[in-house]
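Close look at the chain arrangement
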Amino acid sequence: MDLPLIWAVLIATAVGLYVLLDGFDLGVGILFPLASPKERDTMVASIAPVWDGNETWLVLGGGGLFAAFPLAYAIIMPALYLPIGLMLTALIFRGVAFEFRAHARKTGKRWWTVGFAGGSIAATVSQGLVLGGFLQGITIEGRAFAGGPFDWLTPYTLLVAAGLVAGYALLGAAWLVFKTDGELQKRARVWIRSLIVAVAVALGVISLVTLSLGGDIIARWGVSLDGSFVPAQFAKFAIIPVIGALACLAVWHFAMKGPDYMAYLATVGVFLSGFAGLAVSIFPHIVPFSVTVHEAAARDNALGLLLVGTAVMLPIILGYTAYVYWIFRGKAEPGAYH
């Protein structure tokens, strides 16, 4: 049994679920400035039962990295301390603003509304900087981080952060189409039409720039270091950008045609194509492009023990999450959270 590979899949799954689930409630916060006060109450009601549970997957991903791949954790964290710290601070402030906004009066509610939107945007930008800093590579000497505290701040990471803001906003708009009706749903459909164009452009540009980061990535997609193209190698993974393009078209279509849930599912398809492209580009490295999954893994006896605990807890988390979404199915109503 290849325990390091199993744990790599588990952590990737946890991070993916975090992006897809917490992504839509962060996206709702990003869209806050575009809505009226009454619409904001409906937007809050649409995510109130699930938003804090969505962050469980971030804990599982980070904790799993620490426990299963300590070497990778020891390299990645020092390289990205600042954006990760900003992300956690923004998530905390956003959570406080979410709760306080529900009980504040007029002036206070306006300030907490700004706090909720600002926290959502700051957390998303931070996650984009973390992803960009991870993908562009981390300076390593021996088995330790050897770069500077601001290596993560580059034009590439800012581009990734901007793309993630658009992506989360798209998830949020698609969620609102699914969970609301009336005028807010109509506006969310319009937002989707604009955002899917921005996301498609961002995905294309970021993919091309990412290919230029190093020969390892380019070689995976069929271009050798001397510039020659290998069609057979590209053909292995050509389905990934095709699926991404089809998913973008599906989002555009379902934004206006319905059924309501399909816009969100199509948006999930866009993100999954991005995940697949990322996996193809960096696997088997867990620290691009220096440390592989097997090099960074803990001992097999530790991984096995952790896997036993995960086998018990993961079905409980999945079951609870599914139960909450089922119980709170249906359209959100203004003021329901209050």
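Note that the structure is a prediction, hence the values are computed from the model and not measured. (Residues numbered from 1 in each chain as written. Predicted model: local features only at pLDDT ≥ 70, side-chain atom pairs only at ≥ 80, totals over all residues. Heavy atoms only, no water.)

1. Some details on the pattern of salt bridges
Heads up, the rule is: Each salt bridge in this description consists of a side-chain nitrogen of Lys or Arg and a carboxyl oxygen of Asp or Glu lying within 4 Å of one another. Strands are runs of DSSP state E lasting at least 2 residues, helices are runs of H or I lasting at least 4, and numbering of each runs from the N terminus.
Inspection of every chain in the model, using the stated rule, returns seven salt bridges. Between Asp 41 and Lys 109 there is a salt bridge; the shortest N-O distance is 3.2 Å. In this pair, Asp 41 sits in helix α2 (residues 37–47) while Lys 109 sits in helix α7 (residues 106–135), placing the two residues 68 residues apart along the sequence. It is possible to trace a salt-bridge network through shared partners that takes in Asp 25, Glu 55 and Arg 94.

2. Quick word on helix α9 (residues 182–211)
We count it as follows: A helix is expected to reach a length of 1.5 Å times the quantity of its residues less one. A 1.4 Å probe rolled over the protein chains alone gives each residue an accessible area, and that area as a share of the maximum for its type sets the label: buried under 20%, exposed over 50%, partly exposed in between.
For α9, built from 30 residues, the straight-helix expectation of 44 Å at 1.5 Å per residue is met to within 8% by its first-to-last C-alpha distance of 43 Å. Buried within α9 are the following residues: Leu 184, Gln 185, Ala 188, Arg 189, Trp 191, Ile 192, Leu 195, Ile 196, Val 199, Ala 202, Ile 206 and Thr 210.

3. Describing the packing of aromatic side chains
Geometry of an aromatic ring pair is reported as the spacing of the ring centres plus the angle between the planes. The following threshold applies: We call Phe, Tyr and Trp rings a pair once their centres come within 6.5 Å, taking the six-membered ring for Trp, and we label the pair stacked below 30 degrees between planes, edge-to-face above 60, and tilted otherwise.
For the structure shown, the criterion picks out 12 aromatic pairs. Ring centres 5.0 Å apart and planes at 65 degrees place the aromatic pair Phe 32 and Phe 116 in the edge-to-face group. With Phe 32 in the loop between α1 (3–30) and α2 and Phe 116 in helix α7, this pair connects stretches of sequence that are 84 residues apart. What makes Phe 32 buried here is its relative accessible area of 0%. Cluster of aromatic residues (ring-pair linked, three or more members): Phe 24, Trp 175, Phe 178, Tyr 264 and Tyr 325.

4. Considerations on the packing of helix α4 (residues 56–68) against helix α5 (residues 70–79)
Convention followed: Here, axes are lines fitted to C-alpha atoms. For helices the fit covers the stretch in contact, and angles between N-to-C directions go from 0 to 180 degrees. Any angle from 65 to 115 degrees is called roughly perpendicular, while one under 35 is roughly parallel, one over 145 is roughly antiparallel, and all others are oblique. The contact criterion used is simple: two residues touch if any of their non-hydrogen atoms lie within 4.5 Å. Only Asp, Glu, Lys and Arg are considered charged, only Ala, Val, Leu, Ile, Met, Phe, Trp, Tyr, Cys and Pro nonpolar, and every remaining residue, Gly among them, polar.
Two elements in contact, α4 and α5, have axes separated by 5 Å at closest approach and are oriented at 120 degrees. The orientation of α4 relative to α5 falls into the category oblique. Each of Gly 62, Leu 65, Phe 66, Ala 67 and Ala 68 in α4 lies in contact with α5, whose residues at this interface are Pro 70, Ala 72, Tyr 73 and Ile 76. Across the contact of α4 with α5, the residue classes break down as eight nonpolar, one polar and no charged.

5. Let's talk about unusual backbone geometry
Cis peptide bonds are those with omega within 30 degrees of zero, and the linkage from Phe 283 to Pro 284 qualifies with 10 degrees. Here Pro 284 lies in the loop between α13 (260–282) and β3 (285–287). Residues Pro 288 and Phe 289 are joined by a peptide bond in cis, for which omega reads -10 degrees. Examined against the element boundaries, Phe 289 turns out to sit in the loop between β3 and β4 (291–292).

6. Comments concerning the side chain of Ser 126
Position of Ser 126 relative to the elements: it lies in helix α7. Residues within four places of Ser 126 in sequence aside, it is in contact with Pro 83, Leu 86 and Met 87.

7. Topic: the confidence of the model for the protein
Do not read the predicted coordinates in detail wherever pLDDT is low. What counts here: As a per-residue measure, pLDDT tells how confident the predictor is, with possible values from 0 to 100.
Per-residue confidence for the protein gives a mean pLDDT of 89, with 94% of residues at or over 70. When mean pLDDT is compared element by element in the protein, helix α8 (residues 155–179) scores highest at 96, while helix α11 (residues 231–237) scores lowest at 69.

8. Observations regarding the nonpolar core
Stated formally: Only buried residues count toward a nonpolar core, which is a set of Ala, Val, Leu, Ile, Met, Phe, Trp, Tyr and Cys residues joined through side-chain atoms within 4.5 Å.
With 57 residues, the main nonpolar core has Tyr 168, Trp 191, Ile 192 and Tyr 264 as its most contacted residues. Among the elements of the structure, α1, α2, α6 (81–101), α7, α8, α9, α12 (239–257) and α13 are those that each provide at least two residues to this core. Per element, the largest residue contribution to this core is 11 residues, and it comes from α8. Residue contacts for Trp 191: discarding those within four places in its chain leaves Leu 31, Leu 34, Ala 35, Ala 173, Leu 176 and Leu 184. Formed by 36 residues, the second largest nonpolar core is a distinct cluster that contains Leu 80, Ile 84, Tyr 156 and Ile 206.

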